[in-house]
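Here is how the chains run, residue by residue.
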Amino acid sequence: MNTRTRVTAIPALLAAGAFAALPSMLRGAAAHGQATPEAASVAAWADLGLPELELTFTVEAVEGMPESIEAGRYLVTIHGEPTDEDYAFGPMFLQIPEGMTFDDLMAQASEDSDGPPAFYYESLVAGGPSILASTGETSAVGIVDLPSGEWIVAGSSLSHPPIPFTVTDEMPDDLPEPASNATFTLGEMVIALTEGELVAGENLVKVENAGVQPHFVEVSKVPDGTTLENIEATIAGFMGGTPEAEPIAETDFAGFATTVDQAGGTTIWVTMDLEAGTYAALCFFPDRETGMPHAAMGMYTVFTVEAAG
Ligand SMILES: [Cu+2]
């Protein structure tokens, strides 16, 4: 069915930056050790008493989403095994815009276009955790706000068609602030570590989109000593330009974590399991005006993670 193919292709298109074009073989080479999340740190989230959602991504569907839930800040756990064709997947929670129906949304999404449908830039896309194939992990956890309205949840990769659900009532006004040791702040066209620091081991990371367009953050380990200029040169090369500095080989990007798209004004919390080293964080969401991946417009940063003392 064409509609389903197109709709489920939206998030894949969005995630389809230059890195998504890398051969999966190369991604496999970048895999790092199996991570066992420390119960101690994520326990800080479990102790908040948040309502929970547990979703399973099978090959064909997202399973476990109730038809109706109450507005709130949700602890979302996802399970699934990425196939060779998946780069990553996670839940795309999208609030159906006022004046649109589920069918309208499906119809617009099925229209041929080079980028995301217009409504995607206007919608409340809540964001969330993601399972990145290169990590070898089969589950992920995050915290996501879901205010009242008519929603869909779909997979942020092919083969997970949208499922409608309803969120009732008002957001509680006493939402707890989940613990975090670092904050990424996203905007046009900037991505910055604005609070705390990322450490070797498990991190509880707050990701806030202070901008207008949807953004996400993908964190890849890069060779020690990599600079912003090296990343700029690498992206220029991807875009067919002539790099001014030394680019990094595509095979030298090792994916460690990614989030799914989140709309302006949203905040999520996710875990990121990192090793000591140098990292690049980038957003490849296509710009509304130019269609260029945000990274090509400067949306990247470089940071280091120290070895645990
Ligand atoms: Cu972006």
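Details of the structure are given in the entry above.
Residues numbered from 1 in each chain as written. Predicted model: local features only at pLDDT ≥ 70, side-chain atom pairs only at ≥ 80, totals over all residues. Heavy atoms only, no water.

Some details on the pattern of salt bridges
Inspection of every chain in the model, using the stated rule, returns four salt bridges. A salt bridge links Arg-73 to Asp-145, with the shortest nitrogen-to-oxygen separation between them at 2.7 Å. Remark: Asp-145 occurs in strand S9 (residues 139-146) and Arg-73 occurs in strand S4 (residues 72-80); sequence separation between them is 72 residues. Residues Arg-73 and Asp-145 agree in their burial class; the two are buried. The shortest N-O distance in the salt bridge between Glu-122 and Arg-288 comes to 2.8 Å. One end of the pair, Glu-122, is in helix H5 (residues 118-122); the other, Arg-288, is in the loop between strand S18 (277-282) and strand S19 (300-305), and 166 residues separate them in sequence. Residue Glu-122 is classed as exposed on the basis of its relative accessible area of 54%. (Salt bridge = Lys/Arg side-chain N within 4 Å of Asp/Glu carboxyl O. Helix = DSSP H or I, 4+ residues; strand = E, 2+ residues; numbered from the N terminus. Buried < 20%, exposed > 50% of the residue type's maximum accessible area, 1.4 Å probe, protein only.)

Some remarks on the side chain of Thr-278
Mapped onto the secondary structure, Thr-278 falls in strand S18. On the accessibility criterion, Thr-278 (5% relative accessible area) is buried. Excluding its chain neighbours within four sequence positions, the residues that come into contact with Thr-278 are Ser-220, Lys-221, Val-222, Pro-223, Asp-224, Gly-225, Thr-226, Val-302, Phe-303 and Thr-304. (Contact = heavy atoms within 4.5 Å.)

Comments concerning the sheet that holds strand S10 (residues 149-155)
Sheet strands pair via backbone hydrogen bonds, and the direction of the pair is either parallel or antiparallel. Reading across from one edge, S3-S11-S10-S6-S7 is the order of the five strands in this open sheet, with mixed pairing throughout. Looking along the sheet, the strands with just one partner apiece sit at the ends: strand S3 (68-70) and strand S7 (124-125). By the bridge criterion, two bridges tie strand S6 (residues 91-95) to S7 in an arrangement that is antiparallel. Residue pairing across strands places Leu-94 opposite Val-125, the latter belonging to S7. (Pairing = 2+ DSSP bridges.)

Concerning the coordination of the copper ion
Taken together, His-215 (ND1), Cys-283 (SG), His-294 (ND1) and Met-299 (SD) make up the full set of protein donors to the copper ion, lying 2.0 to 2.6 Å away. Donor residues for the copper ion sit on one chain with the sequence pattern H-x67-C-x10-H-x4-M. With His-215 in the loop between strand S14 (201-209) and strand S15 (218-222) and Cys-283 in the loop between S18 and S19, the pair connects residues that are 68 residues apart, well separated along the chain. With relative accessibility at 0%, the residue His-215 sits in the buried group. Cys-283 sits in the buried class, given a relative accessible area of 0%. (Donors = N, O, S within 2.8 Å, 3.2 Å for Na, K, Ca; no water.)

Structural notes on the environment of Met-297
With respect to the element layout, Met-297 can be found in the loop between S18 and S19. Judged by its relative accessible area of 31%, Met-297 is partly exposed. Taking the C-alpha atoms as reference, Met-297 lies 9.9 Å from Pro-286; in sequence the two are eleven residues apart. Residues in contact with Met-297, not counting those within four places in the same chain, are Met-189, Asp-287, Thr-290 and Met-292.

Structural notes on helix H6 (residues 228-238)
Residues of H6 that are buried: Asn-230, Ile-231, Ala-233, Thr-234 and Ile-235. In the stretch just after H6, Gly-240 is the one whose phi turns positive, near 90°.

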